[in-house]
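# Reading the structure
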Amino acid sequence: MQVQRVVLNSRPGKDGTPVPENFRLEETTLAPELKDGEVLVRTLYLSVDPYMRCRMNEDTGAEYLTPWQLSECVDGGGVGVVESSRCPTCAEGDVVTSFNWPWQTHAVMAGSGLQKVDSQLVDGHLSYFLGAVGITGLTALLGIREKGYVTKGANQTMVISGAAGACGSIAGQIGRLDGCVRVVGICGSEDKCKALVEDLGFSAAINYRQEDVAARLKESCPAGIDVYFDNVGGAISDTVIAQMNNGGHVILCGQISQYNKDVPYPPPLSEETQENLQSKNITRERFMVLNYMSKVDAALFELSQWVKSAQIKVLETVVNGIENMGAAFCSMMKGGNIGKQIIKISA
Ligand code: NDP
């Protein structure tokens, strides 16, 4: 069978901005016969995620991430359907996902590496398994529950950076559902601000590209900031932390503003911000969703119930076609997405 796949064409360099030309589309042929334990899957949706930026480097800087190899097929989160199987746990028609799905229109994979999913959990909206009812939803929910210390009735204000992205858009809604009285998002465009306030119920939204973030935070968080869900790091986070209350909590989810720089993770903080954290007794522990896999089933069920009952609204930016994987990744890294960036590969 002839299939299309995406390989790594070149590396952007540790200090470089990724470009679509770092990826290359190829045709390849799949072996006609499956071996014992293998399944043939048709790819439905693929995910592009910020952590992939590290996989473009020769050394990812993280022991749990392997680098993508030049001229080899790139992989990441994917969802698809089993077309034929020689694996006892997978049957034709099953919907399956994996964190290591090749960027390929069809693929032969080991059945043991696939997770079967129940399409009823997402009312048939299978791309949600890569976002709101998948790893980004889990990151938002478990990040808040493990590191946010949100308490009903405590009059807390939560600020989220990267608020209109996959994790951020869900995190703000969970902050509100879990009991924060104010939820304020920081993001990169007027359209995003509008979506946060008008569609997702955020109390306010700040466009960091056009507005004075410090002044707008003062105005929209009159009682200070108790919980900060940090997706971006850098100057935005310094500004937020400077307005946090004593005993506040930073959920250190990601630092995307630093991913095209040759710095360790998490990147070092300025002395002033460090001093702010210490003097105000603010916690800032690194959060890694992969460390909480024992809580995934219950968390996915909770997310699915919220999504089904429309208590959580899901935003997606969907691009069609495997040939657009590289462009979609680069666009997401620069803020081209509202909600989860999804690439639809087949129907
Ligand atoms: P998003 O959907 O949020 O997409 C990335 C967004 O980052 C862009 O849309 C852009 O929005 C914003 N951005 C890009 N560059 C900058 C910058 N220089 N300054 C401010 N914002 C910027 O991606 P995800 O939801 O998948 O990931 C969000 C964060 O969560 C990332 O840091 C990621 O690494 C982290 N993460 C952490 C996990 C964990 O276990 N800790 C698991 C999954 C994700 P805008 O227009 O607003 O600039």
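Our subject is the structure listed above.
Residues numbered from 1 in each chain as written. Predicted model: local features only at pLDDT ≥ 70, side-chain atom pairs only at ≥ 80, totals over all residues. Heavy atoms only, no water.

What follows deals with the pattern of salt bridges. Per the counting criterion, the structure on display carries 16 salt bridges. Put simply, Arg 55 and Asp 75 hold a salt bridge, and the shortest N to O gap is 3.2 Å. Note that Arg 55 is positioned in helix H1 (residues 52-55) and Asp 75 in strand S4 (residues 75-85), a separation of 20 residues in sequence. Judged on exposure class, the residue Arg 55 and its partner Asp 75 are both buried. Measuring nitrogen to oxygen at the nearest pair gives 3.8 Å for the salt bridge that ties Glu 198 to Lys 194. You can see Glu 198 and its partner Lys 194 sitting in helix H4 (residues 190-199), four residues apart, about one turn around the helix. Take Glu 198: its relative accessible area is 56%, and that puts it in the exposed class. Overlapping salt bridges bring together Arg 5, Arg 24 and Glu 26 as one network. (Salt bridge = Lys/Arg side-chain N within 4 Å of Asp/Glu carboxyl O. Helix = DSSP H or I, 4+ residues; strand = E, 2+ residues; numbered from the N terminus. Buried < 20%, exposed > 50% of the residue type's maximum accessible area, 1.4 Å probe, protein only.)

A cluster of nonpolar side chains, contributed by Tyr 64, Phe 99, Leu 290 and Met 293, occupies part of the molecular surface with about 370 Å² of accessible area. Under the relative-accessibility criterion, Leu 290 is labelled partly exposed at 39%. (Patch = residues over 30% accessible without salt bridge, like charges linked within 9 Å, V, L, I, M, F, W, Y side chains within 5 Å. Areas by Shrake-Rupley, 256 points an atom, 1.4 Å probe, with all protein chains shown as cover.)

Where helix H2 (residues 135-147) contacts helix H8 (residues 296-308), the two axes come as close as 10 Å, and the packing angle between them is 110 degrees. If you check the angle between H2 and H8, you find them roughly perpendicular. On the side of H2, the interface is formed by Gly 137, Leu 138, Leu 141, Leu 142 and Arg 145, while H8 contributes Val 296, Ala 299, Leu 300, Glu 302, Leu 303 and Trp 306. Split into classes, the residues belonging to the contact of H2 with H8 amount to eight nonpolar, one polar and two charged. (Axes fitted to C-alpha atoms, helices over the stretch in contact; angles between N-to-C directions. Parallel < 35°, antiparallel > 145°, perpendicular 65-115°, else oblique. Contact = heavy atoms within 4.5 Å. Nonpolar A, V, L, I, M, F, W, Y, C, P; charged D, E, K, R; others polar.)

Close contacts around the ligand come from 28 residues, with Ala 166, Cys 167, Lys 192, Tyr 208 and Asn 337 the closest. Between an oxygen atom of the ligand and a main-chain N or O atom of Asn 231, the distance comes to 2.8 Å. Coverage of the ligand by the protein chains reaches 88% of its 920 Å² of free accessible surface. Contributing elements (two or more residues each) for the shell around the ligand: H2, helix H3 (166-178) and helix H9 (325-333). Among the domains, domain 1 (2-131 + 315-344) and domain 2 (135-290) are the pair contributing at least three residues each to the shell around the ligand. (Near = heavy atom within 4 Å. Polar contact = N/O pair within 3.5 Å; in protein donor to acceptor, adjacent residues only side chain to side chain. Domains from an automatic or database assignment.)

Among the five residues in strand S15 (residues 340-344), four count as buried, and that is most of the element. Judged from the three bridges that link them, strand S3 (residues 38-47) and S15 form a sheet pairing that is antiparallel. Residue Leu 46 lies in a different strand from S15, and its bridge partner there is Ile 343. Two elements, strand S14 (residues 316-320) and S15, share five bridges in a ladder whose sense is parallel. Across the sheet, the residue bridging to Glu 316 is Lys 340, located in S15. Each parallel crossover has a hand, and the one from S14 via H9 to S15 is right-handed. (Pairing = 2+ DSSP bridges. Right-handed = clockwise from strand over helix to strand, strands pointing away.)

Under the criterion given, the structure shown has six aromatic pairs. Ring centres of Phe 23 and Phe 329 lie 6.0 Å apart, and the angle between their planes is 70 degrees; on these two criteria the pair is classed as edge-to-face. With Phe 23 in strand S2 (residues 23-29) and Phe 329 in helix H9, the pair connects residues that are 306 residues apart, well separated along the chain. Grouping residues by exposure puts Phe 23 and Phe 329 together as buried. (Phe/Tyr/Trp six-rings, centres within 6.5 Å; stacked < 30°, edge-to-face > 60°.)

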